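Structure at a glance
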Amino acid sequence: METESEPYVRLATLRQLHQVVAELNTARSLADTLQTVVDGIVRGLGYELACVNLVRPDGDLVVAAFAGDPAAEALITGRVGSRGAWERRLTMGEDWDGLRFIPHTEGWVLMEDDVPQWHTDGPDPRFQDEWHPEDRLYAPMYATGGELLGVISVDRPRNGRRPGAWGREALQMYAFQAAIAISNARLRANMQRALVRLEREQQALRASEESFRQAFEYAPSGMAIAEMGGDQHGRLLRTNDALCRLLGRPASVLRRYSFSDLVHPEDIGTLLRTSAEGGRAELRLGRRDGTYVWVSLRNSVVADAADGPRFLLTHVEDIEERKRHELQLAHRASHDSLTGLPNSAELRSRLGARLCRRPQSVRASAVEALDAAYEGRPEAGGAGEHGFPPDGQSHGQHHAYDGGYPAAPAAGQPADAFDFPGAFPGSPDGPYDHHVHTVAPATDVDDGTKGLAVLFCDLDGFKSINDRFGHHTGDAVLIEVARRLTTCVRDGDTVARLGGDEFVVLADGLGAADAADLAVRLRNAIIPPIRVDGRAVRVGASFGIGWASCGMSADEVLRSADQRMYIEKRSRSKAHRRAG
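Residues numbered from 1 in each chain as written. Predicted model: local features only at pLDDT ≥ 70, side-chain atom pairs only at ≥ 80, totals over all residues. Heavy atoms only, no water.

What follows covers the packing of helix α16 (residues 471-487) against helix α17 (residues 512-526). Packing of α16 against α17 leaves a shortest axis separation of 9 Å and a crossing angle of 145°. Our pair here, α16 against α17, has a crossing hand that is right-handed. Between α16, through Val481, Arg484 and Leu485, and α17, the contact on the second element is made entirely by Leu522, Ala525 and Ile526. Residue classes in the contact of α16 with α17 are distributed as 5 nonpolar, no polar and 1 charged. (Axes fitted to C-alpha atoms, helices over the stretch in contact; angles between N-to-C directions. Helix = DSSP H or I, 4+ residues; strand = E, 2+ residues; numbered from the N terminus. Left-handed = near helix turned anticlockwise from the far one by under 90°. Contact = heavy atoms within 4.5 Å. Nonpolar A, V, L, I, M, F, W, Y, C, P; charged D, E, K, R; others polar.)

Attention now goes to unusual backbone geometry. Phi is positive for Asp97, which is not a glycine, with a value near 50°. With respect to the element layout, Asp97 can be found in the loop between β4 (94-96) and β5 (99-102). The class of Asp97 is exposed, set by a relative accessible area of 63%. The residue Arg156 is not glycine, and still its phi comes out positive at about 55°. (Buried < 20%, exposed > 50% of the residue type's maximum accessible area, 1.4 Å probe, protein only.)

What follows covers the pattern of salt bridges. Enumeration according to the criterion identifies 30 salt bridges in this entry. Residue Arg156 is joined to Glu48 by a salt bridge in which the shortest nitrogen-to-oxygen separation is 2.9 Å. Taken as a pair, Arg156 in strand β7 (residues 148-157) and Glu48 in strand β1 (residues 47-55) lie far apart in primary sequence, 108 residues in all. Each of the salt bridges in this network shares a partner with another, and the network as a whole consists of Glu282, Arg322, Lys323 and Glu326. (Salt bridge = Lys/Arg side-chain N within 4 Å of Asp/Glu carboxyl O.)

Summarising the element assignment, Asp69 is placed in the loop between β2 (61-67) and α3 (70-76). No salt bridge is formed by the buried Asp69. Its closest oppositely charged neighbour is Arg156, at 4.6 Å. A distance of 3.0 Å separates a polar atom in the side chain of Asp69 from the backbone nitrogen of Ala71. (Lys, Arg positive; Asp, Glu negative; His and termini not counted. Polar contact = N/O pair within 3.5 Å; in protein donor to acceptor, adjacent residues only side chain to side chain.)

Bringing the side chain of His104 into the picture now. Structurally, His104 can be placed in helix α5 (residues 104-107). Residue class for His104 comes out buried when judged on its relative accessible area of 18%. Sequence-distant contacts of His104, defined by excluding residues within four places in its chain, comprise Pro125, His132, Glu134 and Asp135.

Scanning the entire structure with this criterion turns up 3 aromatic pairs. For the pair Trp86 and Tyr138, a centre-to-centre distance of 5.3 Å together with 75° between the ring planes defines the contact as edge-to-face. With Trp86 in helix α4 (residues 83-89) and Tyr138 in strand β6 (residues 136-142), the pair connects residues that are 52 residues apart, well separated along the chain. Both residues of the pair, Trp86 and Tyr138, count as buried. Here the aromatic rings of Phe101 and Trp131 are separated by 6.0 Å at their centres, their planes lie at 55°, and the arrangement is tilted. Here Trp131 lies in the loop between α5 and β6 and Phe101 lies in strand β5, a separation of 30 residues in the sequence. (Phe/Tyr/Trp six-rings, centres within 6.5 Å; stacked < 30°, edge-to-face > 60°.)

Looking now at helix α13 (residues 344-353). What α13 keeps buried is the set Glu346, Leu347, Arg350, Leu351 and Ala353. In an axial view of α13, the angular spread of the buried residues amounts to 165°, which keeps them on one side of the axis. Each element contacted by the buried residues of α13 is listed here: α12 (320-334), β13 (451-460), β14 (494-499), β15 (502-510), β18 (540-548) and α18 (554-570). One side-chain oxygen of the residue at the start of α13 lies 3.3 Å from the amide nitrogen of Ala345, identifying that residue as Asn343. (Arc of directions from axis to C-beta.)

Further remarks concern the sheet that holds β15. The antiparallel open sheet is built from 4 strands, whose spatial order is β14-β15-β13-β18. Each edge of the open sheet is held by one strand with a lone partner, namely β14 and β18. Averaged over all pairs of adjacent strands, the angle between strand axes in this sheet comes to 25°, irrespective of strand direction. Bridge count between β13 and β15: 7 bridges; the pairing is antiparallel. Bridge assignment links Leu455 to a residue of β15, and that residue is Val505. This element, α13, spans β13, β14, β15 and β18 of the sheet and lies at about 135° to β14. (Pairing = 2+ DSSP bridges.)

None of this, on its own, says anything about what the molecule does.
Structure follows, in C-alpha cells:
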C-alpha cells in the first residue's frame, strides 16, 4: 500500500479502491451500508481493524459497525461516545488533509474518556514512521452541507507503518464516498417508507405525498420522475432543484426531454441496457452549456397496486469528482511526477504495443498461425500481439508531447494492412500477414525505409550541476530539458523520461537521415544555457539512435539505443560533449 514509487502498486491499489467504492452502493439498507464501509477498509485499504462511529439524533456517536476482530466487535459495537469527547479528538494531533492522526505520545490523555476504545499493548516504534498500537487515525465523514455524519476509525496497518501521502489520499477519498453512500442509504430508506405509505394508506395520501415531496425536492442529489410505457416512455415529468442545478436547465425545460435526449452519444447503449427496476448505470449527461457531467443513475419503479407500474423514480448522483480522481490517479501511475512525461512503464507499454513477437521475414506454420489468431481475440484479454495497445488505448489520442499515431507503411506494404486481433484463423497466410510489421533500416545509410526510431538521450554534465548547485537546480534543468524536447517533436511522437537524466524519444515514419537530423535538432535545443534562480547553467546531450523491429522486445530495443548512445558519447571528448 505504501510503496508509492511503484506505479504498478498504485494501479493495484486504485483497482481495489474502485472495487470497494463500487460495492458501497450495492447495500440495500443503512446497516448493510455501514458494514460494507468497514469491510471495504479491511479488504481494500490495508488496515486490520476498522469501525464506523455514526452520529445519533442526539448528537452522540455510536459504534455502528466493526470489522477485523470478532472479540473487539462484540465488546464495543453499540457503545456510545459523547459528542464533546469526539470533538476533542478531532481537534488534537496532526491534520492530514482532512484526516486526524493522534500519535501515541499525545493520545495517552484520551485513555480515560468515554469514547469506546480497543487496543493491544505493544513495543515502542523502532523507527520514525512505524505504527504504534496506541496510535489513532480518524477519517471524519460529512454530508453535503458540512454536517458531521460520523467518523471512521482505523488501526493496525498491515505493513506496520503510518500511511504515506498515497495511503492518506486513498483513505480520504474512501471516507468521502462512504459519506455519500450513508446519506444515500438514509435517503433510500426514507423514500421506501414514503412509497409504502402511498400504497397501503390511501386515507393518509395527502400526508404521504407531502413527505415524498420534501424528500424529493430537498434531496442533496438529483432526482427525477419519468413516464413509463406508451409513446412518451422515459419523458421527464418532474425534476428536483438539485438536478436542475446539475444540468443547468430549469424544470420547465427538462420536462421536454427524456434521459435518452440528454445522454452522451457514446453512452446511449449503457442507458438502454439499464433495466427499469433496480437498474444502475454510470454515464454522462449534457448540460445547457454543451459540456457533459458524469453521473450515476439508479432507477426505481413507483407502482400502483391496481394498474401496475406508473412511473420511474430516478436518482442522479454527481460522480464527476470521483471520475476526475480516477483519471488523475491513472495518469500519476503512468507519468513522471517531475516532468509530466510518460514514465518508463508507459514507454515500454507504448513501444511493446507496436511490436509482435515474430519478425516480418518469419512465416508462421498453420498451427502457429491458428494459435496466434486466437491469442489475439478480445476474449483472451490483455494487449494483442499484433501491434495494438491494451485496453482500447488509441495511438491517435495524443496531446502536446505524449501522443502517438500509426506508423507509415514500410516499403512494399499496402497502406491498409492493419492487424485485427482475432483475424480469421483459416486464412492460408495466418494472422501475421495482416499485421503492419515494424521494420528498421538495414544500414545507417538512408535507403528509403521508414521505421520507428528510438532516440536514447543522456545529458552530459548534469551530475556536476546536481553536485554544485543542489537537487533543486537539477530538477529545474530536467523540467526545462523535457520542455525543449517536447517542443522539437511532432504531436504524434512520444517523449518519455526513463529516470535520472535519461530521456527517450519515439518518432515513427522516419528514415535513417530523418532520425539523424532529429537527433541534431534535439541536441541543439538542449545546449543553450538554462537559467535557474538567476544562474545560467549548461548541459550537453548524447544521443543514440535505435530502431524498433518486430521480433524484438521493448527492452531489447531500448538496450540497443542505449548502447549506440554510449558509443556516440565515447567518440566525443568531454569538452565537446558539454558543448553539445
